[in-house]
Amino acid sequence: MTAIFTLTNNSTKPAAWHRLTPIWQGGEEIIQKSLPHTQLAPTWQLLLLGDGSPTRHLELLTGEPTEVDVIDMSLIGMDLDDAPDLIQAVPGPRLRRQVWLRTASGQRLAYATSWWEASHVDEYLQNRSLPIWASLARLRTELYRDVRGIYYGDSAALESGFDVEGPFWGRHYLFWHHGQPLTLIYEVFSPYLTKYLGPMQLNATNGKV
């Protein structure tokens, strides 16, 4: 697979990334308590609120390797980039990476944006066409995924990219390595995953809640 991406610098405005316009959002307190199943079904909570690798979860669900299409790599300097406030935990100057996560057969399952300290990104993403989890696993990097925000919202760009109507569920989290923040990641999952996970919400009258 050939990765296609553009690398820009601070002299021009970087390409936009696809942030959800929230209908609802929650922070750490809600993430710790979990959500009512009528709002987010248990299987979807495992995917969104758990601290395991989404790349690995997608492989287990679909039975196919998870591959990456890199669509943007932009040097954004010290710009806050309309990112979650946690971007300030990542030392600058920064690089922003945008990808689609898809099955080997081509079905897009998730969209992700990540922000890295520009001077260290090559150390951790030696093969930039690999999923982040695969890259860091090859390096035997010990990590902690710290989920800090969850979203339910709309995005016209993601409707077009996933070829499915929203709203969508997403989240953001920090990766920690040796007690220091390594990267901030913002992920949105395709409703196509209902094929494997079942409905996003459970009906309060169906006896399953």
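Keep in mind it's a predicted model, so treat the numbers as computed, not measured.

Reading the values: rules and limits
- Along each chain, residues carry numbers from 1 onward, in the same order as the chain's sequence is written.
- In keeping with the model being predicted, local features are shown solely for residues with a pLDDT of at least 70 and side-chain atom pairs are shown and tallied solely at 80 or more, while totals for entire chains, interfaces and linings include all residues.
- Derived side-chain values reflect all non-hydrogen atoms in the structure, with water molecules and hydrogen atoms excluded from consideration.
- Each residue gets one of three labels from its accessible area relative to the maximum for its type: buried under 20%, exposed over 50%, partly exposed in between, using a 1.4 Å probe on protein chains only.
- A run of DSSP states H or I qualifies as a helix once it reaches four residues; a run of E qualifies as a strand once it reaches two. Both are numbered from the N-terminal end.
- Note: the arc covers the axis-to-C-beta directions of the helix.
- By the criterion applied in these results, polar contacts are pairs of N or O atoms within 3.5 Å in which, for protein atoms, one can donate a hydrogen and the other can accept it, and in which residues neighboring in sequence qualify only through two side-chain atoms.
- In short, DSSP must find at least two bridges between two strands for them to pair.
- Two rings from Phe, Tyr or Trp (for Trp, the six-membered ring) form a pair when their centres sit within 6.5 Å of each other. Planes less than 30 degrees apart are called stacked, planes more than 60 degrees apart edge-to-face, and all others tilted.
- The predictor reports its confidence for every residue as pLDDT, a score running from 0 up to 100.
- Here a residue-residue contact requires only that any non-hydrogen atoms of the pair lie within 4.5 Å.
- Salt bridge criterion: a side-chain nitrogen from Lys or Arg within 4 Å of a carboxyl oxygen from Asp or Glu.

1. Section: helix 3 (residues 54-62)
Thinking step 1. Burial in helix 3 covers these residues: Pro 54, Thr 55, Leu 58 and Thr 62. An end-on view of helix 3 places all buried positions within 105° of arc, on one side of the element.
Thinking step 2. Backbone nitrogen of Thr 55 and a side-chain oxygen of the N-cap are separated by 3.3 Å at the start of helix 3; the cap is Ser 53.
Thinking step 3. Two residues or fewer past helix 3, Gly 63 is found with a positive phi of approximately 75°.

2. Examining the pairing of strand 6 (residues 144-154)
Thinking step 1. Counting buried residues along strand 6, 8 of its 11 residues qualify, which places the element largely inside the surrounding structure.
Thinking step 2. As judged from the 5 bridges shared by strand 2 (residues 21-26) and strand 6, these two strands associate in the antiparallel manner. Bridge pairing links Trp 24 to Tyr 152 in strand 6.
Thinking step 3. Across 9 bridges, strand 6 lies against strand 7 (residues 168-177) in antiparallel orientation. Opposite Asp 146, over in strand 7, you have Leu 174 as the bridge partner.

3. What to know about the packing of aromatic side chains
Thinking step 1. Evaluated as defined, the whole model comprises 10 aromatic pairs.
Thinking step 2. Measuring from centroid to centroid gives 5.0 Å for Trp 17 and Trp 115, while their planes differ by 85°, and the two rings are edge-to-face. Placement of Trp 17 in the loop between strand 1 (7-8) and strand 2 and of Trp 115 in strand 5 (residues 108-117) is noted, with a sequence separation of 98 residues between them.
Thinking step 3. Measuring from centroid to centroid gives 4.9 Å for Trp 17 and Tyr 186, while their planes differ by 75°, and the two rings are edge-to-face. Remark: Tyr 186 occurs in strand 8 (residues 180-189) and Trp 17 occurs in the loop between strand 1 and strand 2; sequence separation between them is 169 residues.
Thinking step 4. When its relative accessible area of 9% is taken as the criterion, Trp 17 is described as buried.
Thinking step 5. Among the aromatic residues, those joined into a cluster by ring pairs are Trp 17, Trp 115, Tyr 151 and Tyr 186.

4. Details of the confidence of the model for the protein
Thinking step 1. In the predicted model, the protein carries a mean pLDDT of 83, and 79% of its residues have values of at least 70.
Thinking step 2. Note on residues 1-12: pLDDT is under 50 here. Beyond four places in sequence and across chains, it has 29 contacts.

5. What about the environment of Tyr 151?
Thinking step 1. For Tyr 151, the location among the structural elements is in strand 6.
Thinking step 2. The spatial distance from the C-alpha of Tyr 151 to the C-alpha of Gln 25 is 4.4 Å, given a sequence separation of 126 residues.
Thinking step 3. Beyond its immediate sequence surroundings of up to four residues, Tyr 151 is in contact with Arg 19, Leu 20, Pro 22, Trp 24, Gln 25, Pro 84, Phe 168, Trp 169, Gly 170, Arg 171, His 172 and Tyr 186.
Thinking step 4. Looking at Tyr 151, its side chain comes within polar contact range of the side chain of His 172, at 2.7 Å.

6. So, the pattern of salt bridges
Thinking step 1. Under the criterion given, the structure shown has 10 salt bridges.
Thinking step 2. A salt bridge links Arg 102 to Glu 67; the nearest nitrogen and oxygen atoms lie 3.4 Å apart. In this pair, Arg 102 sits in strand 4 (residues 94-103) while Glu 67 sits in strand 3 (residues 66-77), placing the two residues 35 residues apart along the sequence.
Thinking step 3. Bridged by salt links that share partners, the residues Glu 28, Asp 146 and Arg 148 form one connected network.

7. Here we look at the environment of Gln 98
Thinking step 1. Relative to the helices and strands, Gln 98 is located in strand 4.
Thinking step 2. The class of Gln 98 is buried, set by a relative accessible area of 2%.
Thinking step 3. It is 5.8 Å that separates the C-alpha atoms of Gln 98 and Ala 112, two residues lying 14 residues apart in sequence.

8. Quick notes on the side chain of Thr 66
Thinking step 1. Positionally, Thr 66 belongs in strand 3.
Thinking step 2. Judged by its relative accessible area of 8%, Thr 66 falls in the buried class.
Thinking step 3. Engagement of the side chain of Thr 66 in a polar contact is seen with the backbone oxygen of Thr 55, the distance being 3.3 Å.

9. Section: unusual backbone geometry
Thinking step 1. Cis geometry is adopted by the peptide bond preceding Pro 93, which originates at Gly 92 and carries an omega value of -5°.
Thinking step 2. The omega torsion of the bond from Gly 166 to Pro 167 falls at 0°, within 30 degrees of zero and hence cis.
Thinking step 3. Its location among the elements puts Pro 167 in the loop between helix 6 (156-162) and strand 7.
Thinking step 4. If you check the backbone angles, Ser 34 has positive phi at about 80° while not being a glycine.
Thinking step 5. Turning to its location among the elements, Ser 34 is positioned in the loop between helix 1 (28-33) and helix 2 (42-49).
Thinking step 6. Located in the positive-phi region is Asp 82, a residue other than glycine, with phi close to 55°.
Thinking step 7. With respect to the helices and strands, the residue Asp 82 is situated in the loop between strand 3 and strand 4.

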